[in-house]
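These are the residues of each chain, in order.
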Amino acid sequence: MLIYHFKNARTFKNYAKFPLTVHYKWNNKDWMTAHLFIAWFTGYFKPTVQTFCSKKRIPFQILLLIDNAPDHPRTLMEMYKTLVLPANTTSVLQSVHQEITATVKSYYLRNKFCKAIVVIDSDSLDASGQNTLKTFWKGFIILNAIKNIHDSWEEVKIATLTGVWKKFIPILMGYFE
């Protein structure tokens, strides 16, 4: 899910949001709220897991680990079996999150700079006589970033995710190998 601070950014003028490769949501502060979390969980996460389990012909079960942040609503936790980590354990999950985030960021930067290198290699001027690299950076908008985020996430290998979770919950890894 991508949370942005504009419902209808200028970037989306003449562009429909539904074909985006991420789940685009917005609020004024650019952060997760209880409402957005419920919408993501019930509208995307749960149906996606149900479809995955159905295709693999395995029982529909979800283990959702949640820290005690206020944006994880208690009503949702009462509706589904959830494991809420005790207070002061957020740092444990953060190590998992940080490794995965670092991997995605490295792919994101590599992809972005590869596109810039292509522009540099073309070594030409645009129609207005400006350097194409400058034009490239000026024209790199949220839509480009969304596409790049999607492409970068797609590059993350299952082995990377498994390796991170193996450090966190080694006892469960037998179910995934």
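Here is what the cut-offs are and how they apply
- Residues numbered from 1 in each chain as written.
- Predicted model: local features only at pLDDT ≥ 70, side-chain atom pairs only at ≥ 80, totals over all residues.
- Heavy atoms only, no water.
- Helix = DSSP H or I, 4+ residues; strand = E, 2+ residues; numbered from the N terminus.
- Buried < 20%, exposed > 50% of the residue type's maximum accessible area, 1.4 Å probe, protein only.
- Contact = heavy atoms within 4.5 Å.
- Areas by Shrake-Rupley, 256 points an atom, 1.4 Å probe, with all protein chains shown as cover.
- Patch = residues over 30% accessible without salt bridge, like charges linked within 9 Å, V, L, I, M, F, W, Y side chains within 5 Å.
- Salt bridge = Lys/Arg side-chain N within 4 Å of Asp/Glu carboxyl O.
- Polar contact = N/O pair within 3.5 Å; in protein donor to acceptor, adjacent residues only side chain to side chain.
- Phe/Tyr/Trp six-rings, centres within 6.5 Å; stacked < 30°, edge-to-face > 60°.
- Lys, Arg positive; Asp, Glu negative; His and termini not counted.
- Core = buried A, V, L, I, M, F, W, Y, C linked by side-chain atoms within 4.5 Å.

Colleague: So what's going on with the overall build of the protein? Residues and values would help.
Modeller: Per the secondary structure count, the protein includes six helices and four strands. Along the protein, helices (α) and strands (β) appear in the sequence β-β-α-β-α-β-α-α-α-α when read from the amino end. Within the protein, buried positions represent 28% of all 177 residues. Pairs at least 24 residues apart make up 51% of the contacts formed inside the protein by residues separated by at least 6 positions. A total accessible area of about 12500 Å² is found for the protein, and carbon and sulfur atoms account for 61% of it.

Colleague: Got a sec to walk through a nonpolar patch on the surface? Specific residues and values, please.
Modeller: Taken together, the side chains of Leu109, Phe113, Ile117, Ile120 and Trp137 present a nonpolar region at the surface, about 470 Å² in accessible area. Relative accessible area serves as the criterion here: at 45%, Ile117 is assigned to the partly exposed category.

Colleague: Explain the pattern of salt bridges to me, using residue names and the numbers behind them.
Modeller: Tallying each qualifying case throughout the model produces two salt bridges. The partner of Lys147 in a salt bridge is Asp151, and the shortest N-O contact between them spans 3.0 Å. Of this pair, Lys147 and Asp151 are both found in helix H5 (residues 142–155), four residues apart, which corresponds to roughly one turn of the helix. Asp151 gets classed as partly exposed once you look at its relative accessible area, which sits at 24%.

Colleague: How would you summarise the side chain of Asn27 if you had to cite specific residues and measurements?
Modeller: With respect to the helices and strands, the residue Asn27 is situated in the loop between strand S2 (24–26) and helix H1 (34–56). In terms of polar contacts, Asn27 uses its side chain to reach the backbone carbonyl oxygen of Trp31, at 2.5 Å. Excluding residues within four positions of it along the chain, Asn27 makes contact with Ile3, Tyr4, His5, Thr33 and Leu36.

Colleague: Give a detailed account of the packing of aromatic side chains, specifying residues and quantitative values.
Modeller: For the structure on display, the rule yields eight aromatic pairs. An aromatic cluster is defined as three or more aromatic residues linked by ring pairs; in this entry it consists of Phe37, Trp40, Phe41 and Phe45.

Colleague: I'd like to hear about unusual backbone geometry, residue by residue, with values.
Modeller: Excluding glycine, residues mostly carry a negative phi; peptide bonds, for their part, are mostly trans. Located in the positive-phi region is Arg57, a residue other than glycine, with phi close to 55°. As for its position among the elements, Arg57 is in the loop between H1 and strand S3 (65–66).

Colleague: Quick one: what's the story with the side chain of Lys112, residue by residue and with numbers?
Modeller: Looking at the secondary structure, you find Lys112 in helix H3 (residues 90–122). An unpaired buried charge is present at Lys112: no salt bridge exists, and Asp151, the closest side chain of opposite charge, is 13 Å distant. Contacts of Lys112, omitting those with residues within four sequence positions, involve Phe136, Trp137, Phe140 and Asn148.

Colleague: Pulling in residues and values, what's your account of the nonpolar core?
Modeller: Ranked by internal contacts, the top residues of the largest apolar core, which has 16 residues, are Leu2, Phe12, Leu20, Tyr24, Ile142 and Ile146. Those elements that provide at least two residues to this core are strand S1 (2–4), H3 and H5. Looking at which element gives the most residues to this core, the answer is H5, with four residues. Not counting residues up to four positions away in its chain, the partners in contact with Ile142 are Leu2, Tyr4, Thr11 and Phe12. Core analysis: the second largest hydrophobic core is formed by eight residues, Phe41, Phe45, Val49 and Ile66 among them.

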